[in-house]
Amino acid sequence: MRKLTATLATLTLAGLGALVPAASVQAAPTANCDDNYEEAKSGYMYAYRLSYCESYLGSSKEWDENWGNSSRSFQGDDDNRATSLLNKTGKYVAFYRLKDYKGGHICIASDKKYVSSLKSDDVFSNGETADNRISSHKKLASNTCSKFMD
Ligand SMILES: [Ca+2]
Ligand SMILES: [Ca+2]
């Protein structure tokens, strides 16, 4: 009996030993926007529901005047959902609090690859925080912005 117990203990330890490295290999890397940027199509802006470019909402080459209607890149409950953004347009992109480019704007600069999380200091020009409040956007021909995402 003692011998059997010892054998079981040995087996259990061996089993644990085999599991530990496997668990380490499977540990997910911390989410970030770098891989999203690499895979993004040149000329496009991407928006995501969550931080670190997780949970894709949509992508756009030019504009969408209403993120809550049923046309263009952003539709339905995409409105007021964006929390991270990626900019591979090579241009400035302006985002607005309300549809039809109204209610205050905040821009992502042409040389900024992404904003991994809209925070309390990312505020529209009307004073409202941008997180979960973007309702329209357009790519700009030049920098006509007064507010920028950090
Ligand atoms: Ca969100
Ligand atoms: Ca739309």
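Cut-offs applied
- Residues numbered from 1 in each chain as written.
- Chains lettered and ligands numbered in written order.
- Predicted model: local features only at pLDDT ≥ 70, side-chain atom pairs only at ≥ 80, totals over all residues.
- Core = buried A, V, L, I, M, F, W, Y, C linked by C-beta atoms within 7 Å.
- Buried ≥ 20, exposed ≤ 12 C-beta atoms within 10 Å, placed from the backbone.
- Helix = DSSP H or I, 4+ residues; strand = E, 2+ residues; numbered from the N terminus.
- Pairing = 2+ DSSP bridges.
- Contact = placed C-beta atoms within 7 Å.

Labelled according to an unreviewed UniProt entry, the protein chain appears under the name Secreted protein, originating from Streptomyces coeruleofuscus.

### Focus: the nonpolar core
Residues Tyr-46, Leu-85, Leu-86, Val-93 and Phe-95 are the most contacted members of the largest nonpolar core, which totals 27 residues. Looking at this core, the elements that each hand over two or more residues are strand E1 (45–48), strand E4 (84–87), strand E5 (93–98), strand E6 (102–108) and strand E7 (114–115).

### So, the sheet that holds E4
Note: strands within a sheet are paired through backbone hydrogen bonds, in either parallel or antiparallel orientation. Spatial strand order, E2-E1-E4-E7: 4 strands in an open sheet with antiparallel pairing. Where the open sheet ends on each side, the last strands, each with one partner, are strand E2 (56–60) and E7. Alignment of E4 against E7, held across 2 bridges, turns out to be antiparallel. For Leu-86, the partnering residue across the bridge sits in E7 and is Tyr-114.

### A few points about the pairing of E1
A two-sided burial pattern is seen for E1, the buried positions comprising Met-45 and Ala-47 on one face and Tyr-46 and Tyr-48 on the other. Two elements, E1 and E2, share 4 bridges in a ladder whose sense is antiparallel. Pairing of Met-45 across the sheet is with Ser-60, part of E2. Two strands pair when backbone bridges link them, and E1 and E4 are joined in this way by 4 bridges, in the antiparallel orientation. Bridged to Tyr-46 within E4 is Leu-86.

### So, the sheet that holds E6
A sheet is described by the order of its strands in space; here 4 strands give the open sequence E3-E8-E5-E6, paired in antiparallel fashion. Either end of the sheet is taken by a strand with one partner, and the two such strands are strand E3 (63–64) and E6. The pairing of E3 with strand E8 (residues 136–139) spans 2 bridges and is antiparallel. Its bridge partner being in E8, Trp-63 is matched across the sheet by Lys-138.

### Some details on the environment of Ala-82
Mapped onto the secondary structure, Ala-82 falls in the loop between E3 and E4. C-beta crowding within 10 Å serves as the criterion here: with 26 such atoms nearby, Ala-82 is assigned to the buried category. Along the backbone, Ala-82 and Tyr-48 are 34 residues apart, and their C-alpha atoms lie at a distance of 5.4 Å. If we ignore the near neighbours within four places in the chain, the residues touching Ala-82 are Ala-47, Tyr-48, Leu-57 and Ile-134.

### Some remarks on the environment of Thr-30
Locating Thr-30 in the fold gives a position in the loop between helix H1 (2–26) and helix H2 (34–39). For Thr-30, a count of 6 C-beta atoms within 10 Å puts it in the exposed group.

### Quick word on unusual backbone geometry
Positive phi is not limited to glycine here, since Tyr-52 has a value of about 60°. In this fold, Tyr-52 is placed in the loop between E1 and E2. Despite not being glycine, Ser-55 has its phi angle at roughly 65°, a positive value. Inspection of the secondary structure puts Ser-55 in the loop between E1 and E2.

### Some points on the pairing of E5
With 5 of its 6 residues buried, E5 lies for the most part within the structure. Bridge count for E5 against E6 is 5 bridges, and the pairing is antiparallel. From the neighbouring strand, Val-93 faces E6, where its bridge partner is Ile-108. Between E5 and E6, which pair antiparallel one after the other, the connecting turn spans 3 residues, and Asp-100 there sits at a positive phi close to 60°.

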